[in-house]
Amino acid sequence: MSNPYHRIIHQNEQRFRVATETAGIGVWELDMRAGVFHWNQPMYDLYGVPYGDAPLTFAAWEQRLLPEDRRAALERIWAAVEQGQPWETTFRIRRPDGSLRDIRSAGQQLYDEQGQPSRMFGINEDVTEQRQAERARARAEQEHRASLRAISHGLSKPLRTLGRAHERLRASALDAEQRYDLEQAEMAGKTLLAQVHAILGLAQPEPDAGQLRAEPFDLRRCLSEQVALLRELAERKGLQLHLEWGGALPRRVRGDPVRFLQVVNNLTHNAIHFTEHGSVTVRVRRLEGARIEVAVADTGPGIAEADQARIFEAFTRACNSPTCETGCGFGLYICQQIVSLLGGEIRVESTPGAGAVFSFSAVLPEADNDGEASMVGDLLGDEVPSPGAVELDVLVAEDDAASGRLLYELLLRIGCAPRLVDNGVDAFDEWQRRPPDLMLLDLHLPDLDGRRLTRLVRQAEAEEDMPRTPIAIITAHPLADVQRDCLQAGADRVFKERVGLGVLQQLIDHIRRLREQSTGCPV
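What you see is a predicted model, and the numbers here were worked out from it, not measured in a lab.

Another aspect to go through is the overall build of the chain. Scanning the chain for helices and strands turns up 16 helices and 17 strands. Per-residue burial over the chain gives 44% buried out of 523 residues. Taking the contacts inside the chain whose residues are at least 6 apart along the sequence as the reference set, 64% of them involve residues at least 24 apart.

In structure tokens:
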């Protein structure tokens, strides 16, 4: 009676052996008591061991794993054995000829009649080509992002210089035709700069939860500053930009202010861009628990219902305005990814011809109101800027001659006495010679960049017990890449985009007030 069963078992073993050997899959069995492996032919081929050699011990196999992979692989295997679970891991081995191979290994322990683990059984598969392709793809993507960052940075500097030149021209005596040409040039420059920022956004890997920060920040102050930065853009188009607050909003919350404000900026900028007449309103309210909602409503052309379902897809543009010809359709996709990480949702409500409302929520728990104020907030404040007669000493460090000259002239126009240098070493020497009321530093200075220069200044202030010099750093890179490093270095403000006349005026006005208060003068 036993022969038919033995024959079936033998046939199944033959089929399994033929299938695994044909596929090049190594099959192994480990005697856990003796510590000796039994391999099929492909296992010997995978490890470069001549078939028929003496039985390979577990200790000898262990030494074939690369040291940097060995510990993680063994911990994964023995943890599964202790729990009685199957396991799978990947590691690299070194063959006797010195070549390296990537191996995917899977297995499970087997038990004896007393229920004790006695053997382990599993497979090995050579996945070297697959892993090499994955590594090559990762390198190519990294090089691609680096190229995009380099191109975007190279383009953004001259575009910001053009923007400052346009501001100078706007303050000149122009006739109607010249002013129209200037407005067209400004619009083209802004469009190009927006495209550069979109390209730079493509160069960044998609955000993950590990990139989120959890720090306390002043919700009202941050939103007020963000909207204030966009108010000038709205006013140039003849639009009104409003910021409305709901009740029961916490003053300080805990979350990632950079990511949160990135979404607010994108939605508000889009609303201004696509609205030709009327207004844009940013409404903030508290939902249940720690959930905060921001809604951006405009009086623009609206969005068709069919387009609303796909507007958050990458490279999708959908609206009934000629301005849709600009932009790459990537901003809302990034916003959706960020909002998801913030624990919220983003949506749009719109009727063609009646505007649109983009709203998103984020989980921002209330933070302890311990009076802690960030230097960024202290530098700008909430006050409405007002002109003053106090002449400020401003040290500007900018390696681009055209940008430096334009900053110099803008500062002169708002009643400052600027000093201009083109590298970090000279800037530090100037600071040592006579500390200014404010330092404006480009992040990428030759010899000594803005971050290192800021650290040197803060170190010297601490050693000599000197008053703190306000420092603002200007960069074309996304704030998510550089803001934390700059603030940790001791900077008080980081500007992502070009520094316009309105932003400079607000900054200088507040520095004047701080200076007047410190000298006892009436505000």
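Throughout the structure, instances matching the rule amount to 13 aromatic pairs. By way of ring pairs, the aromatic residues Trp28, Phe37, Trp39, Tyr44, Tyr47, Phe58, Trp61, Trp78, Trp87 and Phe91 are connected into one cluster. The ring centre of Trp245 lies 4.6 Å from the NZ or CZ of Arg220, which sits over that ring.

So, on to the pattern of salt bridges. Counted by the stated rule, this structure contains 28 salt bridges. Here Glu134 and Arg131 are joined by a salt bridge, their closest N and O atoms 3.4 Å apart. Of this pair, Glu134 and Arg131 both sit in helix H5 (residues 128-170), 3 residues apart, which is roughly one turn of the helix. For Arg512, the salt bridge is made with Asp509, and the minimal N-O distance between the two is 3.5 Å. Linking Arg512 with Asp509, this pair stays in helix H16 (residues 501-518), spanning 3 residues, or about one helical turn. Exposure class is identical for Arg512 and Asp509. Each is buried.

Within a beta sheet, neighbouring strands are joined by backbone hydrogen bonds and run either parallel or antiparallel to one another. With mixed pairing, 5 strands are arranged side by side in an open sheet as E7-E9-E10-E12-E11. Each end of this open sheet is capped by a strand with a single partner; those strands are strand E7 (240-245) and strand E11 (346-350). Strand-to-strand twist of the sheet, defined as the mean angle between neighbouring strand axes without regard to direction, takes the value 15°. Strand direction decides the pairing type here: E11 and strand E12 (residues 356-363), joined by 5 bridges, are antiparallel. Counterpart to Ser350 in the pairing with E12 is Ala356. Contacting E7, strand E9 (279-286) and strand E10 (291-298), helix H7 (residues 219-236) crosses the sheet at an angle of about 170° to E7.

With that out of the way, let us pick up the pairing of E12. In terms of burial, E12 is largely enclosed, as 6 of its 8 residues are buried. Looking at chain direction, E10 and E12 are connected through 8 bridges and run antiparallel. Its bridge partner lying in E12, Ile292 is registered against Ala362. Adjacent in sequence and paired antiparallel, E11 and E12 are bridged by 5 residues, among which Gly353 carries a positive phi angle near 90°.

Next up on the list: the nonpolar core. Counting residues in hydrophobic clusters, the biggest one holds 42 residues, and the most contacted among them are Leu219, Phe260, Phe358 and Phe360. For this core, the secondary-structure elements that each account for two or more residues are H7, helix H8 (257-274), E9, E10, helix H10 (331-341), E11 and E12. With sequence-adjacent residues up to four places away left out, Leu219 is seen in contact with Trp245, Leu249, Pro250, Arg251, Val253, Phe260, Ile292 and Leu364. Counting residues in each nonpolar core, the second largest holds 23 residues, with Ile77, Trp87, Ile93 and Met120 among its members.

Once that is clear, we can look at H10. Buried residues of H10: Leu332, Tyr333, Ile334, Cys335, Ile338 and Val339, and no others. Note on H10: the residue one or two positions beyond its end, Gly343, has a positive phi of about 80°.

All right, on to the sheet that holds strand E5 (residues 117-126) then. Spatial strand order, E2-E1-E5-E4-E3: 5 strands in an open sheet with antiparallel pairing. Across the chains shown, the open sheet's two edge strands, defined by having one partner strand only, are strand E2 (36-39) and strand E3 (87-94). Going across the sheet, the axis of each strand differs from the next one's by a mean of 30°, ignoring polarity. With respect to the sheet, helix H4 (residues 67-83) is in contact with E3, strand E4 (100-111) and E5, its orientation differing from that of E3 by roughly 155°.

This paragraph deals with unusual backbone geometry. The phi torsion at Ala248 lies on the positive side, around 60°, for a residue other than glycine. Topologically, Ala248 is positioned in the loop between E7 and strand E8 (252-255). With a phi close to 55°, Asp465 is a non-glycine residue in the positive phi region. One can find Asp465 in the loop between helix H14 (450-464) and strand E16 (471-474). Judged by its relative accessible area of 70%, Asp465 falls in the exposed class.

Thresholds, definitions, all that
Residues numbered from 1 in each chain as written. Predicted model: local features only at pLDDT ≥ 70, side-chain atom pairs only at ≥ 80, totals over all residues. Heavy atoms only, no water. Helix = DSSP H or I, 4+ residues; strand = E, 2+ residues; numbered from the N terminus. Buried < 20%, exposed > 50% of the residue type's maximum accessible area, 1.4 Å probe, protein only. Contact = heavy atoms within 4.5 Å. Phe/Tyr/Trp six-rings, centres within 6.5 Å; stacked < 30°, edge-to-face > 60°. Lys NZ or Arg CZ within 6 Å of the ring centre and 35° of its normal. Salt bridge = Lys/Arg side-chain N within 4 Å of Asp/Glu carboxyl O. Pairing = 2+ DSSP bridges. Axes fitted to C-alpha atoms, helices over the stretch in contact; angles between N-to-C directions. Core = buried A, V, L, I, M, F, W, Y, C linked by side-chain atoms within 4.5 Å.

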